[in-house]
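Tertiary structure, described
What follows is the residue order along each chain.
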Amino acid sequence: MDWHLLIGQATVNGLIVGLLYLLMAVGFTLVFGVMRMVNFAHGEFYMLGAFAAYFFTTRLGIAFLPSVALSFVAAIVVGSLLEWFILKPFRKDELNGMIVTIGLAMILQNVALMSFGPDPVSMPSIASGATTILGITVANSRVYVVGFAVVVLLLLYAFLRHSRGGRGLRAVVEDSETAAIQGVRARIYYPLGFGIGVGLAAIGGALMAPLFSVSPFMGQTPLLKAFMVVILGGLGSIPGAAIAGLSLGLLESYSTLFLSTSTADMLIFLLVMVGMLAFPRGLIGRGEA
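Every value quoted in this text rests on a predicted model; they were computed, and no experiment measured them. (Residues numbered from 1 in each chain as written. Predicted model: local features only at pLDDT ≥ 70, side-chain atom pairs only at ≥ 80, totals over all residues. Heavy atoms only, no water.)

Topic: the overall build of the protein chain
To keep it simple, the criterion reads: Numbering goes from the N terminus for both helices and strands, where a helix is a DSSP run of H or I of at least four residues and a strand is a run of E of at least two. Here the globule rule is a power law, 2.2 Å times the number of residues to the power 0.38, and the radius of gyration is based on C-alpha atoms. The buried label applies to any residue whose accessible area, calculated with a 1.4 Å probe on protein chains only, is under 20% of its type's maximum; exposed applies above 50%, and partly exposed to all values in between. Contact definition: two residues touch when any of their heavy atoms are within 4.5 Å. Accessible areas in this description were obtained via Shrake-Rupley with a 1.4 Å probe; residue shielding takes into account the shown protein chains only. Residues scored as positive are Lys and Arg, those scored as negative are Asp and Glu, and His as well as the terminal groups of each chain are ignored. Where a charge lies is defined by one atom per residue type: Lys uses NZ, Arg uses CZ, Asp uses CG and Glu uses CD.
For the protein chain, the helix and strand inventory stands at eleven helices and two strands. Starting at the N terminus and walking to the C terminus, you meet the elements of the protein chain as α-α-α-α-β-β-α-α-α-α-α-α-α. Rg of the C-alpha trace for the protein chain: 19 Å, near the compact-globule value of 19 Å for 289 residues, within the 12% margin. Its C-alpha atoms put the protein chain at 65 × 50 × 35 Å along the principal axes. Here the protein chain holds 289 residues, and 48% of them are scored as buried. Put simply, 79% of the contacts in the protein chain that link residues at least 6 apart link residues at least 24 apart. Element-wise, carbon and sulfur atoms account for 69% of the exposed surface of the protein chain, whose accessible area totals about 13,600 Å². Separation between the mean location of the 15 positive side-chain charges and that of the 12 negative ones in the protein chain comes to 11 Å.

Rendered as structure tokens:
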């Protein structure tokens, strides 16, 4: 048994899954930071992003990367409209907002079920061939997914740090009342923040669509893992989410080398609970969004 190869493949798989959790968790954190709302429909936007990429690629014949970008734009538009027309009355109302997002999740899931049916569908591979990195052969499709996810996260960082809209969004996340005193029109940033947050979930789903099957029920597990990442990393902390997301992805991948999937999941939940007891405020605590 070639342990070098097995561990290398597990590392690559762990990074891919960790980046997925990171995209989901950053979007989840952004929505909570802006609206103080736990968005239980976040997993359904991941699912819709996967179906959008599938539709654009297989039905319309659009190349994969433009399909991912279109999925992101579509999610921002849909998310912003849903925030403005449905979620607006529940801004900063955590309990009622949570209940409304659960209902929204059920609606979106059933829309996908009626549109695409209950059976999982598969997308064709986005690239052929493989690349050898440090003696480890990695399919080019996985290399592209990792590269694109990293680019998305870097662009998000640049937007939040260096653009006027990003600075306004960060100000609303930190303290909406103080931001309003400084002339930041918070009512603009609520739908924008929600749209970008669910757009990141949609990108995660679109990137994973060629690697896994696509179904109306695929968003439930990523939502749970994203919630774990957000809590473990520190609610509101994007650096904490980055550390927790990548660590969780690698831990999952390594543990499945030696344990069954159910046992590995049990171990991961146990370690997350221990981590929460050791770091009640998260690994980094509340950081800048």
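Still more ground to cover, so stick around.
Observations regarding helix 11 (residues 261-278)
In an α-helix, one full turn covers 3.6 residues, which means residues spaced three or four apart are oriented alike. As a reminder, the rule being used: By definition here, a helix of n residues has an expected span of 1.5 Å times n minus one. What the arc covers is the set of directions going from the helix axis to the C-beta atoms.
End to end, helix 11 covers 26 Å across 18 residues, agreeing with the expected 26 Å (1.5 Å per residue, within 8%). Residues of helix 11 that are buried include every one of A264, I268, V272 and G275, and no others. Seen from one end, helix 11 has its buried residues packed into an arc of 75°, which puts them on one side. Exposed residues on helix 11 whose side chains face more than 90 degrees from its buried face are S262, M266 and L277. Contacts from the buried residues of helix 11 go to helix 9 (220-233) and helix 10 (238-258).

Remarks on the pattern of salt bridges
Our working definition: Salt bridges are defined as contacts in which a side-chain nitrogen from Lys or Arg sits within 4 Å of a carboxyl oxygen from Asp or Glu.
Within the structure shown, the criterion is met by two salt bridges. Between K225 and E252 there is a salt bridge, with its nearest N and O atoms 2.5 Å apart. Of the two residues, K225 sits in helix 9 while E252 sits in helix 10, which places them 27 residues apart along the sequence.

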